2 protein chains.
Amino acid sequence: MPNVSLKGQHMPESPIRKLVPYAEIAYKQNKTVYHLNIGQPDIKSPQIAMDAVATHSLEILAYTRSEGSEEYRNKIANYYKSKDIDVSAREIIVTTGGSEALLFAMGTVCDTGDEIIIPEPFYANYNGFAVASGVNIIPVISKIEDNFALPPIAEFEKLITPKTKAILICNPGNPTGYLYSKEEIQTLAKIVKKHDLFLIADEVYREFTYDGLKHYSILQEPDLDENGILIDSVSKRYSMCGARIGCIVSRNKQVMATAMKYAQARLSPPTLAQIASEAALQTPQSYFDNVIKEYEERRDILIAHLKQIPGLKVGVPKGAFYCIVELPVKNSDNFAQWLLEKFDVNGETIMVAPAAGFYSTPGVGLNQIRIAYVLKKESLIRAVEILKVALEQYQD
Amino acid sequence: MPNVSLKGQHMPESPIRKLVPYAEIAYKQNKTVYHLNIGQPDIKSPQIAMDAVATHSLEILAYTRSEGSEEYRNKIANYYKSKDIDVSAREIIVTTGGSEALLFAMGTVCDTGDEIIIPEPFYANYNGFAVASGVNIIPVISKIEDNFALPPIAEFEKLITPKTKAILICNPGNPTGYLYSKEEIQTLAKIVKKHDLFLIADEVYREFTYDGLKHYSILQEPDLDENGILIDSVSKRYSMCGARIGCIVSRNKQVMATAMKYAQARLSPPTLAQIASEAALQTPQSYFDNVIKEYEERRDILIAHLKQIPGLKVGVPKGAFYCIVELPVKNSDNFAQWLLEKFDVNGETIMVAPAAGFYSTPGVGLNQIRIAYVLKKESLIRAVEILKVALEQYQD
């Protein structure tokens, strides 16, 4: 019998996936499970996007251009202009989700064995894209004590080798909720210019910033014309995760020409989802105002209640809809399993994402979890009550 | 300024893409261009599929499971059973087109530098997926004189090294239209079993077989349970290229568990397109009967007219909707450019795909082109007339 490759064996499993069998046990026990583990928003997708799909008049569900339909890319460019990001349609390639944009970016800047530096904790699937692309992720630790701010420049420079090709950030961050300041982006710009690296920024949570703070994109930074590669997606912006539409954006012509070759190989991004995503661009500002208000309130309630639990540490997220929580437990993997398998309060329990999977450095983040606040406020309050009781009962 | 990777530079451009600037010149000259170069069928998608999308009742366009929705996969398994391919839903992962299924397959069986043997000429995008995956394609030449039949077993065995991980076939073939017989599949089964390799079969044209011939799938071959990996797609079957829905199918549990890790990293295949594809499975047999009849008639007319051109050689395709044609020219790249840029008959010309891009061996296929018979019969007849005049006028 032929064996799968070592690469295939090294492909990481999602940190949440490992919990699925335990969630199934909880369901079999008829428990109600509050899902603090997932990034699928409960917010409705814009009606205008869903209507566009319902009223399409296609007779042939044909390929679009590999870079996405011309009309849609022009409208994306207008969207960016409204965010003070000045790019044209030819600096945009539509991708199958932010996931594919990341694969294109890694394949464009890295050869096998090349390195990308990423502040950790980071979005766990970066590991999967890196293994698939033959890229090594070099983590630089950001700390809960600093609210996961950008690590000092010296920490990055210690890690730069001839194999380093890029620094990758997620801004605002999944799983940290950290929003990089303009100054931090400028610090990163200096590092990548000095060392001739790319700066790849995953900005899929751009809209989700709180406390009146404004997102500063790497492509607002004039110095980054040649070095900046922006990753984007409609998944979170319009609560359209299932569309699988994103894009890769860069003013570097060589980057775009190369990413285009990857785009051509897979022919076309999904056509129906482009129709939905193009219509979604007409979503009124009131939709976002309501969504942001809702998330801000959820965040406030979540953090306030979490802070009442003794021995628990939590950063205050300024964006996205996640936070990292440090628990008074030794191993949050075991704790998360126990929550599902062995614990309940009147038939209710919670599912959380153990944070070790968001770190690349072994042994770090073992006592942390990620909470996604994509549930209604009442549910979040109840979920935190359950967490409190659980921590009182749990024996490491 | 940082440079893109060598890998990015080595990503091949599609053989058709290189002609696009010349097509634009032809358009500027107000020429009518008959497109013999593309694989986008002109057949309407099944109404039932388009209706399913129009009448969906989703409020949130959410992720599906990474392996595709349970219901859809169960229905795919039933479809396969109707084709005498006995697989269950858990042996199927829904992918973003056949393209992604090929990437998952290569990532599952190959490490960087490993080799896959492919009979050439082959679908040009295999090159792109191979570069992206760090895989080397080792071609084994199949010949127009043999109608592109399976090369002798000895030719494969000459090429097998410790780095060989799989043999990849496309059946029926793009660009050859060749349909492998049951005996040829059994010959391949013997080679891969003997040398402990995987057999990956791209069967996206399964439905398109002519002259009453039946397709024989690698998964109908009982000996291939551990070695067989099937690549599939709805693109051609239902003329739904823009859906971007395919699947990877294998009875090898290790293969499925590994492909699943790639699927998890990219979260989910497109949701709307899964709705369309699930509904498409109810397409009545009459739809296929009509489509096959149409393609068979097109093929007959195309081949009959091509054979009247002196000095031209053409295989008779038994499946798919392509054929390879050998022309009395030295370099079909130059000829294809000339057709667009310099030539017309009463304002009409043709666009063809030069075949060199379908070969991996340098210098082979230089005098060949691929013709896709996805145009109406009248257009095909006219296009061949234009080709005849062009060959009379063309000077190498």
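Look above for the structure.
Trainee: I keep staring at empty space enclosed by the protein and nothing clicks. Help me out?
Mentor: Using the criterion set out here, one finds six cavities of 30 Å³ or more in the structure. By volume, the largest cavity amounts to about 540 Å³. Counting residues per element, the ones that place at least two in the lining of the largest cavity are α5 (97-109), α6 (125-133) and α9 (253-265) of chain A together with α5 (97-109), α6 (125-133) and α9 (253-265) of chain B. The residue makeup of the lining of the largest cavity, split by class, is 14 nonpolar, 12 polar and eight charged.

Trainee: Sorry if this is basic, but what is going on with the pairing of strand β10 (residues 322-326) of chain A here?
Mentor: Remember that side chains alternate between the two faces of the sheet whenever the strand is regular. Residues and elements named next belong to chain A. Burial analysis of β10 places five of its five residues in the buried class, the great majority of the element. Residues Y322, I324 and E326 of β10 are buried on one face, and the alternating residues C323 and V325, pointing to the opposite face, are buried as well. Relative to strand β13 (residues 368-372), β10 runs antiparallel, the two sharing five bridges. What sits directly across from V325, in β13, is I369.

Trainee: Quick question: what am I supposed to make of the pairing of β13(A) here?
Mentor: All names here are of chain A. The buried count for β13 comes to five of five residues, which makes it a mostly enclosed element. Side chains Q368, R370 and A372 project from β13 onto one buried face, and the interleaved I369 and I371 project onto a second face that is buried too. One ladder, built from two bridges, connects strand β12 (residues 353-354) with β13; its direction is antiparallel. By the bridge assignment for β13, A353 is matched with R370.

Trainee: Any chance you could explain the relation of the copies chain A and chain B here in plain terms?
Mentor: One copy of the chain maps onto the other through a rotation about an axis plus a displacement along that axis. When chain A is brought onto chain B, the operation consists of a screw motion whose angular component is 180 degrees and whose axial shift is 0.0 Å, with 0.0 Å RMSD remaining. Taken together, the turn and the small shift mark the pair as related by a two-fold rotation axis. Using C-alpha coordinates, one finds that chain A approaches the rotation axis most closely at A54(A), a distance of 1.9 Å. An overlap of 100% is found between the interface residues of chain A and their copies at the interface of chain B, pointing to a shared contact surface.

Trainee: For this particular structure, what's the right way to read the interface of chain A and chain B?
Mentor: A common way to report how large an interface is uses the accessible area buried once the components associate. Contact with chain A, which involves 75 residues of that partner, is made by 75 residues of chain B. Counting the surface lost from both chain A and chain B, the interface buries some 6300 Å², and carbon and sulfur atoms represent 57% of this. Summed over the shared surface of chain A and chain B, the result is four salt bridges. Ionic pairing is found between R17(B) and E67(A), a salt bridge with its closest N-O pair at 3.8 Å. Remark: the boundary between chain A and chain B carries 40 residue pairs in polar contact (both at pLDDT 80 or more). Those elements that provide at least two residues to the side of chain A that touches chain B are α1 (6-10), α3 (47-54), α5, α6, α9 and α10 (271-280) of chain A. In terms of residue count, the dominant contributor to the side of chain A that touches chain B is α9(A) (eight residues). In terms of residue class, the side of chain A that touches chain B is built from 36 nonpolar, 25 polar and 14 charged.

Trainee: What's the story with unusual backbone geometry in this structure? I'm lost.
Mentor: Backbone torsion omega between N171(A) and P172(A) reads -5 degrees, so that peptide bond is classified as cis. Mapped onto the elements of the fold, P172(A) is located in the loop between β5 (164-170) and α8 (182-195). That bond from N174(B) to P175(B) is cis: its omega, 15 degrees, falls within 30 degrees of zero. For P175(B), the location among the structural elements is in the loop between β5 (164-170) and α8 (182-195). The residue N147(A) is not glycine, and still its phi comes out positive at about 65 degrees.

Trainee: When you look at the sheet that holds strand β13 (residues 368-372) of chain B in this model, what are you seeing that I'm missing?
Mentor: What holds strands together in a sheet is hydrogen bonding between their backbones, with the strands either parallel or antiparallel. All names here are of chain B. The strand order across the open sheet built from four strands is β9-β10-β13-β12, with neighbouring strands paired in antiparallel fashion. Whereas interior strands pair on both sides, the edge strands pair on one side only; in this sheet they are β9 (313-314) and β12 (353-354). Each of β9, β10 (322-326) and β13 is contacted by helix α11 (residues 285-306), which is oriented at about 5 degrees to β10, the strand it contacts most.

Trainee: What is the right way to look at the packing of aromatic side chains in this model?
Mentor: Remark: the centre distance and the inter-plane angle together describe each pair of aromatic rings, the angle taken between the planes. Under the criterion given, the structure shown has 36 aromatic pairs over all chains. Seen in terms of ring centroids, Y295(A) and Y373(A) are 6.4 Å apart; in terms of plane orientation they differ by 70 degrees. Their pairing is edge-to-face. Remark: Y373(A) occurs in the loop between β13 and α13 (377-393) and Y295(A) occurs in helix α11 (residues 285-306); sequence separation between them is 78 residues. Grouping residues by exposure puts Y295(A) and Y373(A) together as buried. Ring centres 5.3 Å apart and planes at 80 degrees place the aromatic pair Y178(B) and Y180(B) in the edge-to-face group. Across the pair, Y180(B) and Y178(B) agree in class, each one buried. Within the aromatic cluster, the residues linked to one another by ring pairs are Y205(A), F208(A), Y295(A), F321(A), Y322(A) and Y373(A).

Trainee: Before we go on, may I ask you to explain the side chain of N252(B) in this structure?
Mentor: Inspection of the secondary structure assignment puts N252(B) in the loop between β8 (246-249) and α9. A polar atom in the side chain of N252(B) sits 3.0 Å from the backbone nitrogen of V255(B).

Trainee: Just to check I follow, could you spell out the packing of helix α2 (residues 20-28) of chain A against helix α12 (residues 332-341) of chain A for this structure?
Mentor: For any two helices packed against each other, one specifies the inter-axial angle together with the distance between the axes. Residues and elements named next belong to chain A. Viewed as axis vectors pointing N to C, α2 and α12 meet at an angle of 20 degrees, and their least axial separation amounts to 7 Å. It follows from the interaxial angle that α2 and α12 lie roughly parallel. Seen along the crossing, α2 lies across α12 with a hand that is left-handed. Seen from α2, the contacting residues are Y22, A23, I25 and A26; seen from α12, they are Q337, L340 and E341.

Trainee: Explanation requested: α10(A) in the structure shown.
Mentor: In an α-helix there are 3.6 residues to a turn, and that puts residues three or four apart on one side. Within α10(A), nine of the 10 residues are buried, leaving the element largely enclosed by the surrounding structure. Along α10(A), the positions that sit buried rather than exposed are T271(A), L272(A), A273(A), Q274(A), A276(A), S277(A), E278(A), A279(A) and A280(A). Where the residues of α10(A) are buried, they touch α3, α4 (70-82) and β2 (92-95) of chain A together with α3 (47-54) and α10 (271-280) of chain B.

Trainee: Whenever I open this one, the sheet that holds β12(A) confuses me. Can you help?
Mentor: All names here are of chain A. If you walk across this open sheet you meet the four strands as β9-β10-β13-β12, and the pairing is antiparallel. At either end of the open sheet lies a strand with only one pairing partner, and these are β9 (313-314) and β12. Here two bridges tie β9 to β10, and the two strands are oriented antiparallel to one another. Residue pairing for β10: K313 is matched across the bridge by E326. Its contacts with the sheet place α11 against β9, β10 and β13, and it is angled at close to 5 degrees to β10.

Reading the values: rules and limits
Residues numbered from 1 in each chain as written. Chains lettered and ligands numbered in written order. Predicted model: local features only at pLDDT ≥ 70, side-chain atom pairs only at ≥ 80, totals over all residues. Heavy atoms only, no water. 1 Å grid on protein atoms, 1.4 Å probe; cavity = no way out; pocket = protein on both sides within 12 Å on 5 of 7 lines; lining within 4 Å. Points joined across faces, edges and corners; volume = space filled by probe spheres on them. Helix = DSSP H or I, 4+ residues; strand = E, 2+ residues; numbered from the N terminus. Nonpolar A, V, L, I, M, F, W, Y, C, P; charged D, E, K, R; others polar. Buried < 20%, exposed > 50% of the residue type's maximum accessible area, 1.4 Å probe, protein only. Pairing = 2+ DSSP bridges. Least-squares fit on C-alpha atoms with pLDDT ≥ 70 in both. Contact = heavy atoms within 4.5 Å. Buried area = accessible area lost by both parts, 1.4 Å probe. Salt bridge = Lys/Arg side-chain N within 4 Å of Asp/Glu carboxyl O. Polar contact = N/O pair within 3.5 Å; in protein donor to acceptor, adjacent residues only side chain to side chain. Axes fitted to C-alpha atoms, helices over the stretch in contact; angles between N-to-C directions. Phe/Tyr/Trp six-rings, centres within 6.5 Å; stacked < 30°, edge-to-face > 60°. Parallel < 35°, antiparallel > 145°, perpendicular 65-115°, else oblique. Left-handed = near helix turned anticlockwise from the far one by under 90°.

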